[in-house]
Amino acid sequence: MVRDRMRRLLAPIIGLLALAGIASAAPAPRVSITSYAQLATPLPHPYDETANADAAVARARARARAHHKLLLIDLGGNWCGDCLVLAGTMALPEVRAFVQAHYEVVTVDVGRFDRNLQIPAHYGITQRLEGVPALLIVDPVHDRLLDGGHVAALADARHMDPQSLADWLAQWTS
């Protein structure tokens, strides 16, 4: 009885600490390549220009909530080299397994910064995106952006090494 009461009292505090990033992140996967030149080609083109972005995000958010994962909204376009590097890196078996364990991923085509901008606006990003890929890491329970101020951190992905990209993805997990 005392144990149950303590659990009920501590659960919200532990949840807040995890959301604030105070809890330790899951270790990043060890990436098998050291250069993007080692990625399989052709690189994936993950952005569907015809998809209903609102419906896709809603479905992914529901899956994330149901499976107790974070929601990762990948905003980009198939014309963008950094977006393709991100997609190719996320397709590596070790990175894919890590992402699947911690995130529900949905890709949203933003055209040339002129399509589906209601998605970032929903999370308070109403100015022009700083670059793509722009990754929105979202708490699916409270529908709250967790990586505010960092959404364009991978917009220069091709100048990062693959391990740094995996490390960036891992920092939001707990």
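Residues numbered from 1 in each chain as written. Predicted model: local features only at pLDDT ≥ 70, side-chain atom pairs only at ≥ 80, totals over all residues. Heavy atoms only, no water.

Caption draft 1: Molecular detail of the environment of Leu75. Position of Leu75 among the secondary structure elements: in strand S1 (residues 70-76). Classification of Leu75 as buried rests on a relative accessible area of 0%. Through-space distance from the C-alpha of Leu75 to that of Val106 is 8.6 Å; in sequence the pair is 31 residues apart. Beyond its immediate sequence surroundings of up to four residues, Leu75 is in contact with Tyr47, Val108, Val110, Ile119, Pro120, Leu129, Val132, Pro133, Ala134 and Leu136. (Helix = DSSP H or I, 4+ residues; strand = E, 2+ residues; numbered from the N terminus. Buried < 20%, exposed > 50% of the residue type's maximum accessible area, 1.4 Å probe, protein only. Contact = heavy atoms within 4.5 Å.)

Caption draft 2: Representation of the pattern of salt bridges within the structure. Tallied over the entire structure, the rule returns five salt bridges. Between Arg61 and Asp143 there is a salt bridge, and its shortest N-O distance comes to 3.4 Å. Of this pair, Arg61 sits in helix H2 (residues 53-66) while Asp143 sits in the loop between strand S3 (134-139) and strand S4 (144-145); the two residues are 82 residues apart in sequence, bridging distant segments of the chain. Judged by its relative accessible area of 21%, Arg61 falls in the partly exposed class. A salt bridge links Glu104 to Arg63; its shortest N-O distance comes to 3.0 Å. Taken together, the positions of Glu104 in strand S2 (residues 103-109) and Arg63 in helix H2 put the pair 41 residues apart, joining distant regions of the chain. Relative accessible area serves as the criterion here: at 12%, Glu104 is assigned to the buried category. Among the charged side chains, a network of salt bridges with common partners joins Arg63, Lys69 and Glu104. (Salt bridge = Lys/Arg side-chain N within 4 Å of Asp/Glu carboxyl O.)

Caption draft 3: Spatial organisation of the packing of aromatic side chains. In total, this model carries two aromatic pairs according to the counting rule given. Note on Trp79 and Phe113: the rings are 6.2 Å apart at their centroids and 65° apart in plane angle, and the pair reads as edge-to-face. Highlighted residues: Trp79 in the loop between S1 and helix H3 (81-90) and Phe113 in the loop between S2 and helix H5 (118-122), separated in sequence by 34 residues. The exposure class of Trp79 is partly exposed, given its relative accessible area of 37%. Under the relative-accessibility criterion, Phe113 is labelled buried at 18%. Relative to Trp172, the ring of Trp168 has its centre 5.6 Å away and its plane inclined at 65°; by these criteria the two rings are edge-to-face. As far as burial versus exposure is concerned, Trp168 and Trp172 are alike and both buried. The residue whose ring lies beneath Arg112 is Trp79, and the NZ or CZ to ring-centre distance is 4.4 Å. Looking at Arg128, its charged tip hangs above the ring of Phe113, at a distance of 4.1 Å from the centre. (Phe/Tyr/Trp six-rings, centres within 6.5 Å; stacked < 30°, edge-to-face > 60°. Lys NZ or Arg CZ within 6 Å of the ring centre and 35° of its normal.)

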